[in-house]
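Listed here are the chains, written in short residue letters.
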Amino acid sequence: MEEKATIKKVVILGATGSIGTQTVDVIKQLEGFKVVGISFGSNIEQARKIMEDLKIDYYVSNKDVGFGKRFENTQQLLEEVVPDIVVCAIPGFEGVKATIIALQYAKRIALATKEALVCAGPFVKKVAKEKDVEIIPVDSEHSAIFQLYEPHIEKILITASGGAVRDVPLKYIADLKPSDILKHPTWSMGGRITVDSSTMVNKLFEVIEAHELFDLDYDRIEVKINRSSFIHGIVFLKDGVIKIHAGKPDMRIPIAYALTYPERKYHSPVADVLEFDLQLSDVERERYPLFFYGLDMLKRKDDLPWRIALNAADELAVNAFLDGKISFKGIETVVRETIEYIDSQNIIITSIEDVYKTDELAKSYAKEFIEREVRK
Ligand SMILES: NC(=O)C1=CN([C@@H]2O[C@H](COP(=O)(O)OP(=O)(O)OC[C@H]3O[C@@H](n4cnc5c(N)ncnc54)[C@H](OP(=O)(O)O)[C@@H]3O)[C@@H](O)[C@H]2O)C=CC1
Ligand SMILES: CC(=O)[C@@H](O)[C@H](O)COP(=O)(O)O
Ligand SMILES: [Mn+2]
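Criteria and thresholds
- Residues numbered from 1 in each chain as written.
- Chains lettered and ligands numbered in written order.
- Predicted model: local features only at pLDDT ≥ 70, side-chain atom pairs only at ≥ 80, totals over all residues.
- Heavy atoms only, no water.
- UniProt positions renumbered as here; feature names shortened; annotations may be inferred.
- Salt bridge = Lys/Arg side-chain N within 4 Å of Asp/Glu carboxyl O.
- Helix = DSSP H or I, 4+ residues; strand = E, 2+ residues; numbered from the N terminus.
- Buried < 20%, exposed > 50% of the residue type's maximum accessible area, 1.4 Å probe, protein only.
- Donors = N, O, S within 2.8 Å, 3.2 Å for Na, K, Ca; no water.
- Tetrahedral: all angles 85-135°; square planar, octahedral: opposite > 155°, others 65-115°.
- Near = heavy atom within 4 Å.
- Polar contact = N/O pair within 3.5 Å; in protein donor to acceptor, adjacent residues only side chain to side chain.
- Areas by Shrake-Rupley, 256 points an atom, 1.4 Å probe, with all protein chains shown as cover.
- Pairing = 2+ DSSP bridges.
- Axes fitted to C-alpha atoms, helices over the stretch in contact; angles between N-to-C directions.
- Contact = heavy atoms within 4.5 Å.

- Under an unreviewed UniProt entry, the name given to the protein chain is 1-deoxy-D-xylulose 5-phosphate reductoisomerase, and the source organism is Fervidobacterium pennivorans.
- UniProt lists a comment for the protein chain under the heading Sequence similarities (unreviewed entry), and it reads "Belongs to the DXR family."

## Considering the pattern of salt bridges
Consideration 1: Evaluation of the coordinates by the stated rule reveals 35 salt bridges.
Consideration 2: One salt bridge connects Glu 115 with Arg 192, and the closest N-O pair in it is separated by 3.7 Å. Highlighted residues: Glu 115 in helix H5 (residues 115–131) and Arg 192 in helix H9 (residues 191–199), separated in sequence by 77 residues. Just as Glu 115 is buried, Arg 192 falls in that class too.
Consideration 3: Of the charged contacts in the structure, one is a salt bridge between Glu 315 and Arg 192, with a shortest N-O distance of 3.9 Å. You can see Glu 315 sitting in helix H13 (residues 304–322) and its partner Arg 192 sitting in helix H9, a full 123 residues away along the chain.

## Side note on the coordination of the manganese ion (ligand 3)
Consideration 1: Protein-derived ligands of the manganese ion (ligand 3) are Asp 139 (OD), Glu 141 (OE) and Glu 206 (OE), with the metal-ligand distances lying across 2.1 to 2.2 Å.
Consideration 2: One can describe the donor arrangement at the manganese ion (ligand 3) as irregular, given that its six donor atoms subtend angles of 65 to 166° at the metal.
Consideration 3: Donor residues binding the manganese ion (ligand 3) come from one chain and are separated in sequence as D-x1-E-x64-E. A residue pair is termed long-range when its members are at least 10 positions apart, and Glu 141 in helix H6 (residues 140–148) and Glu 206 in helix H10 (residues 201–214) qualify at 65 residues.

## Describing the site of ligand 2
Consideration 1: Surrounding ligand 2, one finds 16 residues, the nearest of these being Asp 139, Ser 140, Glu 141, Ser 161 and Glu 206.
Consideration 2: Between an oxygen atom of ligand 2 and a side-chain N or O atom of Asp 139, the distance comes to 2.8 Å.
Consideration 3: A distance of 3.0 Å is found between an oxygen atom of ligand 2 and a side-chain nitrogen or oxygen belonging to Lys 203.
Consideration 4: Expressed as a share of its isolated accessible area of 350 Å², the protein-covered part of ligand 2 is 97%.
Consideration 5: Those elements that provide at least two residues to the shell around ligand 2 are H6, H9 and H10.

## What about the sheet that holds strand S11 (residues 242–246)?
Strand pairing in a sheet relies on backbone hydrogen bonds, with the paired strands running either antiparallel or parallel.
Consideration 1: On the basis of which strands lie adjacent, the open sheet formed by four strands has the order S9-S8-S10-S11 and mixed pairing. The open sheet has two edge strands with one neighbour each: strand S9 (221–225) and S11. Direction aside, neighbouring strands of the sheet carry axes that sit 20° apart on average.
Consideration 2: Strands strand S8 (153–160), strand S10 (231–237) and S11 of the sheet are contacted by H6, whose axis makes an angle of about 35° with S10.
Consideration 3: Strands in contact with H10 are S8 and S9; relative to S8, the strand with the most contacts, it is inclined by about 155°.

## Quick look at the UniProt feature "binding site: 1-deoxy-D-xylulose 5-phosphate" (unreviewed entry) in the protein chain
Consideration 1: Summarizing the sequence annotation, UniProt attributes the feature "binding site: 1-deoxy-D-xylulose 5-phosphate" (unreviewed entry) to Lys 114, Ser 140, Glu 141, Ser 161, His 184, Ser 197, Asn 202, Lys 203 and Glu 206 in the numbering used throughout.
Consideration 2: Mapped onto the elements of the fold, Ser 197 is located in helix H9.
Consideration 3: Classification of Ser 197 by relative accessible area gives buried; the value is 8%.
Consideration 4: Apart from the residues lying within four places of it in its own chain, the contact partners of Ser 197 are Gly 162, Gly 163, His 184, Met 189 and Asn 202.
Consideration 5: There is a polar contact of 3.5 Å between the side chain of Ser 197 and the side chain of His 184.

## Some details on the site of ligand 1
Consideration 1: In the vicinity of ligand 1 there are 24 residues, among which Thr 16, Gly 41, Ser 42, Asn 43 and Glu 115 approach most closely.
Consideration 2: Within the backbone of Gly 14, an N or O atom sits 3.2 Å from an oxygen atom of ligand 1.
Consideration 3: One nitrogen or oxygen atom from the main chain of Ser 42 is found 2.8 Å from an oxygen atom belonging to ligand 1.
Consideration 4: Within the complex, the protein chains bury 81% of what would otherwise be the 900 Å² of accessible surface of ligand 1.

See below:
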């Protein structure tokens, strides 16, 4: 008797964004996947387009698209549709909360929301283990390391593009405007992560993400600049072998891998290696002070309170910067001040509720700090 092909049911959280819409592109090209539900923030037009295109009936949003069934929250949607895979692609702490919920209902999380591992890594991993949920990274560098991973690793290396500030004379960086910073040299992404690429807070998040995903100490995680973002990750093995993962900077490739793993079903033409810059270079301390501040913190004390404060403060500071309320340099000030405040509170985190409370505390501090700065 012919075996019936099983269709994997997928929910995309943050479907209207950069990762969300690229996930839609990928699924349109793959067989065996059906998007059964989405969540989005306020982009009704994009949501309608996706729902009509993929014939999706269920969604979560505060906005009404005018057809289909709207749920109040992610939990209700996931209870209704019982997904196989949830693609977590909401940025910031909202994304952390959504990922924590998704872990209760999915068999696999395709994880773009790196903030979940930054703010709540140990809890995310504990629940995933208890519930037997696979976490497959979508982040390009982590997808690379995941694909190269084997037990004999000495160290790993993840690359950074250097973001929009990489060629700007140091004296001009502090006052760069959102329009300058939003010009990412190699990737087209959402606003927050594009700004985070310029401060390299994104890479700081990614170092923590790698530490959580691959259980590696921080001194075994290196970061180098690769200007073309063609090299994504490198693993160095005990016997001297170095494995390099490269490919054109196109998020549809790691997204597809997270959906189809352990198979490769997605087709994308192989890039011409000669077209890309394969050089690796050091990250400049003076250009990316927040990145080095964070690395020093990690070496001194890797605990959740300051990691939560890092995300909380950066989230508000990036918004304030994009709204023209603070300068580019102001992001660093808000983040450092908030981390130092949270660090001084001697907070002990023993539950996910503590994570939520610490995010609130850090946000209220950062918010007041930004308001004081704006009044100056
Ligand atoms: N973009 C990329 O290439 C990469 C992104 N990532 C990570 O993936 C995540 C998503 O990034 P990206 O796609 O760039 O972000 P975008 O800003 O492009 O998209 C964010 C998405 O989240 C939705 N959203 C925002 N708030 C809520 C909410 N409260 N409830 C439901 N949906 C919400 C937005 O909806 P709407 O627009 O309708 O308001 C949108 O669909 C981030 O954590 C980022 O760090 C990781 C690696 C690469
Ligand atoms: C596409 C992706 O994975 C991003 O996280 C990327 O890493 C951002 O670019 P930067 O290397 O400039 O941070
Ligand atoms: Mn990345």
